[in-house]
Amino acid sequence: MKYSDMVFDEERALYGIHGALIERCRFDGPADGESAIKEASDVEVRNSFFNLRYPFWHVDGAKIFSCEMTEKCRAALWYDKNILIESCTMDGIKALRECENVVLKNTRVCSPEFVWKCRDMILENVVIEESEYPFFEVTRAKIDGLKMKGKYSFQYGSDIEICNSEFDTKDAFWHTKNVTVKNSTIRGEYLGWYSENLTLIGCHISGTQPFCYCKNLVLKDCTMDGCDLSFEKSSVDVDVNGKIDSVKNVESGKIVADEIGLVIADSNFVDSAKTEIITRKGN
């Protein structure tokens, strides 16, 4: 089945279609219908325009290329599996939720609450211009070349690998488990609190009070800028190039840096004997 150069605005316009190609179509109009491609399978969508709510729900198998999903296209993909999204724009709130086996490439996003409770994801060269709580409770994801601006990213995520990325974010990686970030830039406040097995390798980190209340935090070959009151009540294995502004009440482990501006160890809260702190310039 092939749908070309058509306009759809009615409710459930292409409900339950299977094995279809949709190209150069518009999902827009006065009827303001929703759920256009709900309960579909094995569909390919190209160069189409979505300006209505909930177009892809309960879809199994979709390839979506060079499509525009406007701000009115809210909750675009929910409860889907086996999805490829490439060279698209996604501007509606809650664009992806409860999906599995999703590949997202070369796409621009401006979507609050983007990617919630999704599993088995691959992201390549994605730009998130603005989002709040992106990647909430994501499980098993591989991310390469993500540029993101937002708040409260990756909360409660697990088993995530990130590389070659750039984040301008607040409260990132809270309550995460088994997350590794490589060769990336992370700017924000209160990074990584309450995380478990968070590892950063070759990263540049900036912002106040990072990595507090962490379990098994690892930093290798990283740099830190404007990072004061770091590592409070955390167990750490940290090796930083350059200066750390200050560390406060580290629970246990080892910290190595060229220079540390201030070490705070309040005996009422931590046993300083459990933490080894080494400054290269001081040796």
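Preceding block: the structure.
Residues numbered from 1 in each chain as written. Predicted model: local features only at pLDDT ≥ 70, side-chain atom pairs only at ≥ 80, totals over all residues. Heavy atoms only, no water.

Draft legend 1. Looking closely at the overall build of the chain. Helix and strand counts for the chain stand at zero helices and 29 strands. Its C-alpha atoms give the chain principal-axis dimensions of roughly 70 × 30 × 25 Å. With the model as given, the accessible surface of the chain reaches about 12,300 Å², and the carbon-plus-sulfur share is 43%. Between the mean site of the 35 positive side-chain charges and the mean site of the 47 negative ones, the chain shows a separation of 1 Å. (Helix = DSSP H or I, 4+ residues; strand = E, 2+ residues; numbered from the N terminus. Areas by Shrake-Rupley, 256 points an atom, 1.4 Å probe, with all protein chains shown as cover. Lys, Arg positive; Asp, Glu negative; His and termini not counted. Charge placed at Lys NZ, Arg CZ, Asp CG, Glu CD.)

Draft legend 2. Region of the structure containing the pattern of salt bridges. Applying the stated criterion across every chain yields a total of 19 salt bridges. As a salt-bridge pair, E98 and R119 come within 3.6 Å of each other at their nearest N and O atoms. Of this pair, E98 sits in the loop between β13 (96-97) and β14 (100-105) while R119 sits in strand β16 (residues 119-124), and the two are 21 residues apart along the sequence. For the salt bridge of R280 with D239, the shortest nitrogen-to-oxygen distance reads 2.3 Å. (Salt bridge = Lys/Arg side-chain N within 4 Å of Asp/Glu carboxyl O.)

Draft legend 3. Just the pairing of strand β21 (residues 166-170), in detail. Residues F167 and T169 of β21 are buried on one face, while the alternating residues E166, D168 and K170, pointing to the opposite face, are not. By the bridge criterion, five bridges tie strand β19 (residues 147-151) to β21 in an arrangement that is parallel. Residue K147 lies in a different strand from β21, and its bridge partner there is E166. Taken together, the three bridges between β21 and strand β23 (residues 185-187) define a ladder with parallel strand orientation. Across the sheet, residue D168 finds its bridge partner in β23, namely R187. (Buried < 20%, exposed > 50% of the residue type's maximum accessible area, 1.4 Å probe, protein only. Pairing = 2+ DSSP bridges.)

Draft legend 4. The environment of T199, seen in detail. Position of T199 among the secondary structure elements: in strand β24 (residues 196-201). For T199 and N249, which are 50 residues apart along the polypeptide, the C-alpha to C-alpha distance reads 20 Å. Not counting residues within four places of it along the chain, the set of residues in contact with T199 comprises V179, T180, V181 and V218. (Contact = heavy atoms within 4.5 Å.)

Draft legend 5. Here's a closer look at the side chain of S48. Looking at where S48 falls in the secondary structure, it is placed in the loop between β5 (41-46) and β6 (49-50). In this structure the side chain of S48 is engaged in a polar contact, spanning 2.9 Å, whose partner is the backbone oxygen of R46. Those residues within four positions of S48 in sequence are excluded, and the remaining contacts are I22, E23, R24, C25, S66, C67 and E68. (Polar contact = N/O pair within 3.5 Å; in protein donor to acceptor, adjacent residues only side chain to side chain.)

Draft legend 6. Broad picture of the sheet that holds strand β7 (residues 56-57). Taken together, the three strands give an open sheet; going across it, the order is β7-β10-β13, and neighbouring strands pair in parallel fashion. Pairing within the sheet leaves two strands with one partner each, and these edge strands are β7 and β13. Across two bridges, the pairing between strand β10 (residues 77-78) and β13 is parallel. Looking across to β13, one finds that L77 is bridged to L96.

Draft legend 7. Layout of the side chain of T176. If you trace the backbone, T176 turns up in the loop between β21 and β22 (177-182). One polar contact links the side chain of T176 to the main-chain carbonyl oxygen of F173, over a distance of 3.0 Å. Setting aside residues up to four positions removed in sequence, T176 forms contacts with F154, Y156, G157, Y194, S195 and E196.

Draft legend 8. Up close: the nonpolar core. Core analysis: the largest hydrophobic core is formed by 78 residues, its most contacted members being L77, F135, F211, L219 and F231. Here the element with the most residues in this core is strand β27 (residues 235-248); it accounts for five residues. Excluding its chain neighbours within four sequence positions, the residues that come into contact with L77 are F56, I64, M69, I83, I85, M90, A95, L96, R97 and C99. (Core = buried A, V, L, I, M, F, W, Y, C linked by side-chain atoms within 4.5 Å.)

Draft legend 9. Up close: the packing of aromatic side chains. One pass over the full model with this rule turns up 23 aromatic pairs. Pairing W57 with W78 gives two aromatic rings, centres 4.9 Å apart and planes at 5°, and the pair type is stacked. Note that W57 is positioned in strand β7 and W78 in strand β10, a separation of 21 residues in sequence. Residues W57 and W78 agree in their burial class; the two are buried. (Phe/Tyr/Trp six-rings, centres within 6.5 Å; stacked < 30°, edge-to-face > 60°.)

Draft legend 10. The arrangement of the state of the cysteines in detail. Under the criterion given, the structure shown has zero disulfides. Sulfur of C25: no disulfide; nearest cysteine sulfur belongs to C67 and is 9.5 Å away. Overall, the relative accessible area of 1% leaves C25 in the buried class. Its sulfur unpaired, C212 is 6.9 Å from the next cysteine sulfur, which belongs to C214. For C212, a relative accessible area of 0% translates into the label buried. (Disulfide = S-S within 2.5 Å.)

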